[in-house]
Amino acid sequence: MAYVANGERVDGSWELNILVTDLQVERTLRVVGDEHIGGVMVKLVQALDIALDWSDHALWWPEKNKWLLRSRSTLDQYNVQADARLQFTPMHKNLKVQVPDLQVLELRVNFSIKCFAAVVETCKELGVRHPEELSFQRKWDKDDLKRVAKEVHKRKKRGDPDQMGPLSANGTHHSSQGSLDDKLSPFPSRSPVGPSPNSTLMRPGSSPQILSSSISGYSTFNGGNNTLSPGSMHSLSFEGIMESYLANSPPVPSKEAFQYLHRPKNFAEKARVNCAWLDSSSSLMEQGIRENDFIMLKFKFFNFYDLNPKYDAIRINQIYEQAKWSLISEEVDCTEEEMMVFAALQLQVQVQSGLPQPDLDNSLNNHLNQSEDDEIDAALNDLQESLAGTDVSGHGDITHIPELCDFVKFFKPKKLTLKAYKLYYAVFKDTFISFYRNKEETQGPPVIGRIDIRGCEAQPDINLSSRKYGLKLFVPEPEGMSEILLRFDTEDQYCRWMAACKLASKGKTMADSSYQTEVQALQSFLGMQHTSVSSPTSPHTPNSPHNSTHSTPSQVDIQPEDFVASRFFKKIKSKILVTRIQEANNNVQEMSLVEAKLAYIKAWQSLSEYGITYFRIKMSNGKKEELLGVASNRLIRMDLNSGDSLQTWRYNTLQSWHVNWEVENVVLDFDNHKVTFASMECSCKIIHEFIGGYIFLSMRSQDKNQALNEEQFHKLTGGWHE
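As the structure is a prediction and not an experimental result, all values here were calculated from the model.

Draft legend 1. Representation of the overall build of the protein within the structure. Assigned secondary structure in the protein consists of 20 helices and 28 strands. Here the protein holds 722 residues, and 52% of them are scored as buried.

Dropping the structure here:
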């Protein structure tokens, strides 16, 4: 044992300063390097000598931006020395969370666990199934979007106290962004009489009312038509109240909603918004999120699994709301005819939300039974096709391969060439399209050539008012994507060929059981775009089974700017828009509330730009910036200005993917080649996470009771980054 000159014993101990954020007091403990984190916390609580529940507290190291959560690890293992200043702070903190329908919820969220786990806990609290499809996103203002995204990300992640404002009662910093959101928000985030100490569910409205009762620690603020009386609160469960608020959202004027929505003007702005996604592998605290900050909970991965009306009322509504605002804010583009269909379905949802839904259980049961019947029929069809050789042409020969044969107008754009279509006889067989001069020459070699549709991009090119039925094919070639335009005479031709191209792009043929389903979906969507001949104000017949639950659109105050994107609102007069929306509603006015929402989601999924998340990148051998589109089944290299497809890679050909952290490049190994690129605005971890996330979602089995494998998710999305 060693001694110093004055006779004091040297035991290797030193002083450690810890700030207790709840009490705003600091304690100095004498510790040794091999002392465990759990022992340090016990010693601190004993030194405080205050009878409180400290079970939710942990040590946070601000300078290193990390939690000290492993209670059995020592101070030496964490490299904590005498100059370290730690905080003893709650792991659960209040957070303003905006859900897709733009409502703001004040929730207590765990700031110490990985963001993915925090999303899982939040979705469980809100009653949203399949939380792996959602994630948290920062709220960036317009100034943030004008800066280089990487600089904004680093500034927010640092959590500089000078930039973040004064300490709160719990010892964390209030964000100046949060106060700005309070001033701008059309959805009041707190009661006029002061903040609620517990989790708080807010509702939109100009004059919020505070209810005198609370359930499970939630005080509910309500404005508008869905007001609950204080007395009724005692008879309702918390789950019922949460579902009533989140499963049926009140209409929000677009002028108020636009301050929360990004309205991108080009593909570069669409890409910049996606830099705000949080890292699923790091905690909220480690990413600069602080108590009472404002963040958004949104659907991140557009691969929705098992949308069941019986269990997913909240989830279906929130997907519908995110789809609605993505179209109104022009985040996703659509044609004028398609916009009228979406507006008509939105009107139907608005009409039905104010009416009772009779026999809802029976209709849901019928929907579920129909889904089960469809699955059984699909299985039987597969079996029948394998045994009897049935095909789309109706042949019974087992050796016959399904095919499409039609006269098709063909055009391949070239520079400085006028658009001149030529008529050819086309044969679509397997995943190939062959072009001939006439039907008699089909036994010989194709005149134009043979096109392999596998890996292609098929986009609609239709205009119903001018009877234009066409599609654009972007076919992969060694030098990039080759554009081919096909034009058809009838709507039925278009639906059959488009469905075949969609399947062929995934490597499937028309023998697949999903072919007829895809054709019917296209026909149904186009059918809704046709103007109904009946008057929008025509009364229902007395014998109509929906007579008691239908309201005519003319009885609803239609503000066109709340139903259509601004580019349509600017070029079409309001009265004409209202009339067109009412006329389009005639095609969908028999739909119930849930049916209208599901139809909206399905129509949204049929758009060519649906489910594509954009990022600005530069290829390893490239000289200019390009656009990378990440979809549920493929990656698309695109032109940054026009958005035209240059190259497509399918996930089923992807062997491995990782991040080279030394140069911050994403490396993708495909069957025959390797692709390397750098992210120009956001962390390459975000892009890697999207790729791994979609592959994780594709691995979900048909077992509806499967458990969420968080470890597998992080293995696929982590980017080999510790």
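Draft legend 2. Layout of the packing of aromatic side chains. This structure, assessed with the given rule, holds 26 aromatic pairs. Between the aromatic rings of Phe411 and Tyr421, the centroid separation amounts to 5.6 Å while the plane-to-plane angle is 50°, which identifies the pairing as tilted. With Phe411 in strand E15 (residues 403-411) and Tyr421 in the loop between E15 and strand E16 (422-429), this pair connects stretches of sequence that are 10 residues apart. Positioned above the aromatic ring of Phe690, the side-chain terminus of Lys300 is 4.9 Å from the ring centre.

Draft legend 3. Layout of the nonpolar core. Counting residues in hydrophobic clusters, the biggest one holds 109 residues, and the most contacted among them are Phe136, Phe342, Trp604, Leu668 and Ile691. Sort the elements by how many residues they give to this core and helix H12 (residues 336-353) lands first, with 10 residues. Apart from residues no more than four positions distant in its own chain, Phe342 is found in contact with Leu327, Cys334, Phe525, Tyr600, Ala603, Trp604 and Leu607. Ranked by size, the runner-up nonpolar core spans 34 residues in total, among them Val475, Leu486, Cys495 and Leu503.

Draft legend 4. View of a positive patch on the surface. Among the surface-exposed residues, Lys142, Arg263, Lys265 and Lys570 lie close enough to one another that they form a single positively charged patch. Examined against the element boundaries, Lys570 turns out to sit in helix H16 (residues 566-571). Using a relative accessible area of 71% as the deciding quantity, one classes Lys570 as exposed.

Draft legend 5. Fine view of the sheet that holds strand E4 (residues 25-31). Read across the sheet, five strands follow the order E4-E3-E7-E5-E6 without closing on themselves; strand pairing throughout is mixed. Here the strands that pair on one side only, and so sit at the sheet edges, are E4 and strand E6 (66-68). On average, each strand axis in the sheet is tilted by 35° relative to the strand beside it, whichever way the strands run. Contacts from helix H1 (residues 37-48) reach strand E3 (14-20), E4, strand E5 (57-61), E6 and strand E7 (85-90) within the one sheet, and its direction differs from that of E4 by about 125°.

Draft legend 6. Seen up close, the pairing of strand E23 (residues 626-630). With five of five residues buried, E23 is to be regarded as a mostly interior element. The pairing of strand E22 (residues 613-619) with E23 spans five bridges and is antiparallel. Among the inter-strand pairings, Phe615 is bridged to a residue of E23, identified as Leu628. Between E22 and E23, which pair antiparallel one after the other, the connecting turn spans six residues.

Draft legend 7. Region of interest: the packing of H12 against helix H18 (residues 593-605). The N-to-C vectors of H12 and H18 enclose an angle of 160°; their axes lie 8 Å apart at closest approach. Classified by the interaxial angle, the pair formed by H12 and H18 is roughly antiparallel. At the point where H12 passes H18, the crossing takes the left-handed sense. The residues of H18 that touch H12, namely those facing Phe342, Leu345, Gln346, Gln348, Val349, Gln352 and Ser353, are Leu593, Ala596, Lys597, Ala599, Tyr600, Ala603 and Trp604. Class assignment of the residues belonging to the contact of H12 with H18 gives a composition of nine nonpolar, four polar and one charged.

Draft legend 8. The environment of Phe88, seen in detail. Mapped onto the secondary structure, Phe88 falls in strand E7. Each residue touching Phe88, except ones within four places of it in the same chain, is listed here: Ile18, Leu19, Val20, Thr21, Asp22, Met41, Leu44, Val45, Trp54, His57, Ala58 and Leu59.

Draft legend 9. Region of the structure containing the packing of helix H11 (residues 313-328) against H12. At a closest axis distance of 11 Å, the pairing of H11 and H12 adopts a crossing angle of 140°. Considering their axes alone, H11 and H12 lie oblique with respect to each other. In this structure, H11 crosses over H12, and the sense of that crossing is left-handed. Contacts between H11 and H12 involve Tyr320, Lys324, Leu327 and Ile328 from the former and Met339, Phe342, Gln346 and Val349 from the latter. Per-class residue counts for the contact of H11 with H12 are six nonpolar, one polar and one charged.

Draft legend 10. Molecular detail of the environment of Ala118. Considering the arrangement of structural elements, one finds Ala118 in helix H2 (residues 115-126). With 18 residues separating them in the primary sequence, Ala118 and Phe136 have C-alpha atoms 9.2 Å apart. Excluding its chain neighbours within four sequence positions, the residues that come into contact with Ala118 are Val109, Asn110, Ile113 and Phe136.

Draft legend 11. Representation of unusual backbone geometry in the model. In this structure, Asn65 takes a positive phi of about 55° despite not being glycine. Mapped onto the elements, Asn65 comes out in the loop between E5 and E6. Within the chain, Asp430 stands out as a residue other than glycine whose phi angle is a positive 55°.

Draft legend 12. Spotlight on the side chain of Asn274. Relative to the helices and strands, Asn274 resides in the loop between helix H10 (267-273) and strand E14 (294-299). Reaching out from Asn274, the side chain makes a polar contact with the side chain of Trp277 at a distance of 3.4 Å. Ignoring anything within four residues of it in the chain, the contact list for Asn274 reads Gln137, Thr613, Tyr614, Phe615 and Ile686.

Draft legend 13. The sheet that holds strand E28 (residues 674-679), seen in detail. Strand order in the open sheet made by the seven strands is E25-E24-E23-E22-E28-E27-E26, with antiparallel pairing throughout. In this open sheet, the two strands that pair with only one neighbour each are strand E25 (645-650) and strand E26 (654-660). The sheet shows a mean angle of 30° between the axes of neighbouring strands, direction not considered. For E23 and strand E24 (residues 634-638), the ladder comprises four bridges, and the chain directions are antiparallel. The residue of E24 that forms the bridge with Gly629 is Ile636.

Draft legend 14. Representation of the pattern of salt bridges in the model. The tally for this structure, following the rule as stated, stands at 33 salt bridges. Notably, a salt bridge pairs Glu133 with Arg315, separated by 3.1 Å at the nearest N-O pair. Of this pair, Glu133 sits in the loop between H2 and strand E10 (134-138) while Arg315 sits in helix H11, and the two are 182 residues apart along the sequence. As far as the burial class goes, Glu133 and Arg315 line up, both buried. Of the charged contacts, one joins Arg496 and Asp406 as a salt bridge, the two residues approaching to 3.6 Å between their closest N and O atoms. With Arg496 in helix H14 (residues 491-505) and Asp406 in strand E15, this pair connects stretches of sequence that are 90 residues apart.

Draft legend 15. Geometry of H12. End to end, H12 covers 26 Å across 18 residues, agreeing with the expected 26 Å (1.5 Å per residue, within 8%). For H12, a buried count of 15 out of 18 residues is recorded, marking the element as mostly surrounded by other parts of the structure.

Draft legend 16. Layout of the state of the cysteines. This model, assessed by the stated rule, comprises zero disulfides. For Cys275, which is in no disulfide, the shortest distance to another cysteine sulfur is to Cys682 and amounts to 4.0 Å. Cys275 gets classed as buried once you look at its relative accessible area, which sits at 3%.

Draft legend 17. Region of the structure containing H1. End to end, H1 covers 17 Å across 12 residues, agreeing with the expected 16 Å (1.5 Å per residue, within 8%). For H1, the complete set of buried residues consists of Ile37, Gly38, Val40, Met41, Leu44 and Leu48. Seen from one end, H1 has its buried residues packed into an arc of 160°, which puts them on one side. Within two residues after H1, Asp49 carries a phi angle of roughly 55°, on the positive side.

Each value, and the rule that gives it
- Residues numbered from 1 in each chain as written.
- Predicted model: local features only at pLDDT ≥ 70, side-chain atom pairs only at ≥ 80, totals over all residues.
- Heavy atoms only, no water.
- Helix = DSSP H or I, 4+ residues; strand = E, 2+ residues; numbered from the N terminus.
- Buried < 20%, exposed > 50% of the residue type's maximum accessible area, 1.4 Å probe, protein only.
- Phe/Tyr/Trp six-rings, centres within 6.5 Å; stacked < 30°, edge-to-face > 60°.
- Lys NZ or Arg CZ within 6 Å of the ring centre and 35° of its normal.
- Core = buried A, V, L, I, M, F, W, Y, C linked by side-chain atoms within 4.5 Å.
- Contact = heavy atoms within 4.5 Å.
- Patch = residues over 30% accessible without salt bridge, like charges linked within 9 Å, V, L, I, M, F, W, Y side chains within 5 Å.
- Areas by Shrake-Rupley, 256 points an atom, 1.4 Å probe, with all protein chains shown as cover.
- Salt bridge = Lys/Arg side-chain N within 4 Å of Asp/Glu carboxyl O.
- Lys, Arg positive; Asp, Glu negative; His and termini not counted.
- Charge placed at Lys NZ, Arg CZ, Asp CG, Glu CD.
- Pairing = 2+ DSSP bridges.
- Axes fitted to C-alpha atoms, helices over the stretch in contact; angles between N-to-C directions.
- Parallel < 35°, antiparallel > 145°, perpendicular 65-115°, else oblique.
- Left-handed = near helix turned anticlockwise from the far one by under 90°.
- Nonpolar A, V, L, I, M, F, W, Y, C, P; charged D, E, K, R; others polar.
- Polar contact = N/O pair within 3.5 Å; in protein donor to acceptor, adjacent residues only side chain to side chain.
- Expected span 1.5 Å × (residues − 1).
- Disulfide = S-S within 2.5 Å.
- Arc of directions from axis to C-beta.

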